[in-house]
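# A look at the structure
Each chain, written out:
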Amino acid sequence: MGIFDIRPVQYTGGKMIILDQTRLPKEEIYEEMQTREDVWDAIYKLKVRGAPAIGVAAAYGLCLAVRDCPEEDMECFEMRLKEDAEYLATARPTAVNLSWALKRLVRHFEELRPKTVQQAKKELLLEARRIQEEDESACLAMGQYGLSLLRPGMGILTHCNAGALATSRYGTCLAPIYLGQEQGYDFRVFADETRPLLQGARLTAWELQKSGVDVTLICDNMAASVMAKGWIDAVVVGCDRMAANGDGANKIGTFGAAVLAKEHGIPFYMYVPTSTIDLNTPTGSNIQIELRSGEEISRMWYREPMAPKGIKTYNPAFDVTPARYITAVITEKGIVKPPYEENLPKLFAKKK
Ligand code: MRU
């Protein structure tokens, strides 16, 4: 089974199944979601993670949540739909795809005003499937645009996991690497381990290795040194929410990689599907950054807690890379260059 046959989120035969990414790379365990609480928990605990995959999981999760609503009471259905959407949106704050997908489903219901509850459930599931299909084609398009910026044999640094596991298929910033691989580009990829939850070491290393890409794992604090050696020609990362001015929130440590890239004259590319661009958020300072348990720093991954008992911790899950460090934003609609506050809104302009 290749990496593209692995689906982090599926809804088939009336069942919502997710691949539990907290168990990777050791075990590939698929888990069925039974309730809206299961879905909330899976998102909160990062069993399903990565902005686009979170959006898809939320959309299917909402369909699952209203599945058992009584057939005869449309008013009750609408109330439950809105309540469940609000509830699921609280699972994680930073990736905009979560609220984006939930709002899209609620809006779809309001625009369509289905006559029966049965029809409403069917329509919502179709819309959730569209979100997943659109994500898959967006990733492919980003891969093609992204590949035009890369050359065979390049050394590429990536942070966290913005690959197939974080999306419906292909990934965002790993998509061009997979397409290049098919065309014999022979990239050398360096994966930051990405402390503290190690999505680079556990997930990026796993999926690239499984696909036969030349991948080398490094600790986050080795990035400067590999850049100084001249081993890195481009940095590619994903994004959890891009503000209207082009500031991009992504996994903690991304900002540092961007600063290092600038110092070494290396282009820094952020892969951002339009579902991750939030024009309602003016700048990066308006993005809510998720704070997580300090145990992820002090004891997780170690046989014994490695920090002194009771140690104070600070564990933000994301940081914001200011727009001025981002060489280009790769979207499914094309490559966007600065000034971002002028060029990002053009992606959403309706064609006359
Ligand atoms: O906490 P995570 O694992 O959900 O964080 C994921 C990232 O920061 C990814 O880089 C981002 O969501 C882009 S995924 C295509």
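Structure's up top.
Here we summarise the structure given alongside this text. One numbering rule holds for all chains: residues counted from 1, following each sequence as written. Note on the predicted model: pLDDT of at least 70 is required for a residue's local features to be given, and 80 or more for side-chain atom pairs to be given and counted; whole-chain, interface and lining totals, by contrast, use all residues. As a rule here, side-chain values come from all non-hydrogen atoms in the structure, and water together with hydrogens is ignored.

## Thoughts on the overall build of the chain
For the chain, the helix and strand inventory stands at 11 helices and 14 strands. Values of the radius of gyration come from C-alpha atoms, whereas the globule rule sets the reference at 2.2 Å times the count of residues to the power 0.38. On C-alpha atoms alone, the chain measures out to a radius of gyration of 20 Å, which is about the 20 Å that the 2.2 N^0.38 rule sets for 352 residues. Structurally, the chain occupies a C-alpha span of about 70 × 60 × 40 Å along its principal axes. Residue contacts are defined here by distance: any two heavy atoms, one from each residue, within 4.5 Å place the two residues in contact. Long-range contacts, defined here as pairs at least 24 residues apart, represent 76% of the contacts in the chain between residues at least 6 apart. Summed over its atoms, the accessible surface of the chain is roughly 15700 Å², and 51% of this surface lies on carbon and sulfur atoms. Taken together, the 43 basic and 46 acidic charged side chains of the chain have centroids lying 2 Å from each other. Secondary structure elements follow DSSP: runs of H or I of four or more residues count as helices, runs of E of two or more count as strands, with numbering from the N terminus. Methods summary: accessible areas were calculated by the Shrake-Rupley approach with a probe of 1.4 Å, and residue burial reflects only the protein chains presented. Note that His is not counted, nor are the chain ends; the positive residues are Lys and Arg, and the negative ones are Asp and Glu. For the purpose of locating charges, the reference atoms are NZ of Lys, CZ of Arg, CG of Asp and CD of Glu.

## Regarding the packing of helix H2 (residues 51-65) against helix H3 (residues 74-89)
Lines are fitted to the C-alpha atoms to define the axes, a helix being fitted only along its stretch in contact, and any angle between axes, read from their N-to-C directions, falls within 0 to 180 degrees. Contact pair H2 / H3: the axes reach a minimum separation of 10 Å and the direction vectors enclose 140 degrees. Overall, the two elements H2 and H3 adopt an arrangement that is oblique. Crossing geometry of H2 relative to H3 is assigned as right-handed. Taken together, the residues of H3 that come into contact with H2 (itself represented by Ala58, Gly61, Leu62 and Ala65) are Arg80, Leu81, Asp84, Ala85 and Leu88. Tallied by class, residues from the contact of H2 with H3 come to 6 nonpolar, 1 polar and 2 charged. Working definition: roughly parallel below 35 degrees, roughly antiparallel above 145 degrees, roughly perpendicular at 65 to 115 degrees, and oblique for all remaining angles. Rotating anticlockwise by less than a right angle from the far helix to the near helix defines a left-handed crossing, while the corresponding clockwise rotation defines a right-handed one. The residue classification treats Ala, Val, Leu, Ile, Met, Phe, Trp, Tyr, Cys and Pro as nonpolar and Asp, Glu, Lys and Arg as charged. All others, Gly included, are polar.

## Re the side chain of Thr204
Mapped onto the fold, Thr204 is located in helix H7 (residues 199-210). Overall, Thr204 belongs to the buried group, its relative accessible area being 0%. Pairing of N or O atoms within 3.5 Å defines a polar contact, subject to two protein rules: one partner must be a possible hydrogen donor and the other a possible acceptor, and residues neighboring in sequence count only if both atoms are side-chain atoms. One polar contact links Thr204 to Asn161, side chain to side chain, over a distance of 3.1 Å. In this structure Thr204 touches Thr158, Cys160, Asn161, Leu174, Ala191 and Gln199, once residues within four positions along its chain are discounted. Note on classification: 1.4 Å probe, protein chains only; a residue is buried when its accessible area is under 20% of the maximum for its type, exposed when over 50%, partly exposed between these limits.

## Some remarks on the state of the cysteines
By definition, a disulfide links the sulfur atoms of two cysteine residues through a covalent bond. Cysteine sulfur pairs qualify as disulfides if the two atoms are within 2.5 Å. Across all of its chains, the model carries 0 disulfides by this definition. Of all cysteine sulfurs in the structure, the one in Cys69 sits closest to Cys63, which takes part in no disulfide; the separation is 12 Å. Since its relative accessible area comes to 7%, Cys63 is described here as buried.

## Observations concerning a nonpolar patch on the surface
On the surface, Met300, Trp301, Tyr302 and Met306 cluster together into a nonpolar patch covering about 380 Å² of accessible area. Within the element layout of this structure, Met306 appears in the loop between helix H10 (295-298) and strand E12 (318-321). Excluding any residue in a salt bridge, patches collect residues exceeding 30% relative accessible area, merging like charges within 9 Å and nonpolar Val, Leu, Ile, Met, Phe, Trp and Tyr side chains within 5 Å. Salt bridges are defined by distance alone: a side-chain nitrogen of Lys or Arg within 4 Å of a carboxyl oxygen of Asp or Glu.

## Re the sheet that holds strand E6 (residues 214-218)
The pairing of strands in a sheet happens through backbone hydrogen bonds and is either parallel or antiparallel. When DSSP finds at least two bridges between two strands, those strands are taken to pair. Read from one edge to the other, the open sheet built from 7 strands follows the order E6-E5-E4-E7-E10-E13-E14, with strand pairing classed as mixed. What marks the edges here is a single partner per strand, and that holds for E6 and strand E14 (334-336). Adjacent strand axes in the sheet meet at a mean angle of 25 degrees, parallel and antiparallel pairs treated alike. Here helix H5 (residues 117-147) sits on the sheet in contact with strand E10 (268-271), strand E13 (328-331) and E14, set at roughly 145 degrees to E13.

## Section: the sheet that holds strand E8 (residues 241-243)
Ordered in space as E11-E8-E9-E12, the 4 strands form an open sheet in which the pairing is mixed. Each of the sheet's edge strands pairs with one partner strand only, and the pair in question is strand E11 (277-278) and E12. Sheet topology places E8 next to strand E9 (residues 248-251); 2 bridges connect them, and they run antiparallel. Pairing of Arg241 across the sheet is with Ala249, part of E9. Across the face of the sheet, helix H9 (residues 254-263) comes into contact with E9 and E12 while running at roughly 35 degrees to E12.

## A look at the site of the ligand
In the vicinity of the ligand there are 19 residues, among which Arg49, Arg92, Asp240, Asn250 and Lys251 approach most closely. In this structure, Asn250 approaches the ligand through a side-chain N or O atom, which is 2.7 Å from an oxygen atom. Alone, the ligand offers 410 Å² of accessible surface; in the complex the protein occludes 99% of this. Elements with a contribution of two residues or more to the shell around the ligand: H2 and E9. Split into classes, the residues belonging to the shell around the ligand amount to 8 nonpolar, 7 polar and 4 charged. Residues are classed as near a molecule or strand on a simple rule: at least one heavy atom within 4 Å of it.

## A short note on the packing of aromatic side chains
In this analysis, rings of Phe, Tyr and Trp, with Trp reduced to its six-membered ring, are considered paired at centre separations within 6.5 Å, and the interplanar angle assigns stacked below 30 degrees, edge-to-face beyond 60, and tilted for intermediate values. Within this structure, the stated rule accounts for 9 aromatic pairs. The interplanar angle of 45 degrees and the centroid separation of 5.7 Å between the aromatic rings of Phe77 and Phe109 together place this pair among those described as tilted. Remark: Phe109 occurs in helix H4 (residues 96-112) and Phe77 occurs in helix H3; sequence separation between them is 32 residues. Neither residue differs from the other here; Phe77 and Phe109 are each classed as buried. Aromatic rings pair up to connect Phe4, Tyr170 and Tyr178 into one cluster. For the cation-ring pair, Lys333 lies above Phe348, with the distance from its terminal atom to the ring centre recorded as 5.8 Å. Whether a charge lies above a ring is judged from NZ of Lys or CZ of Arg, which has to be within 6 Å of the ring centre and within 35 degrees of the ring normal.

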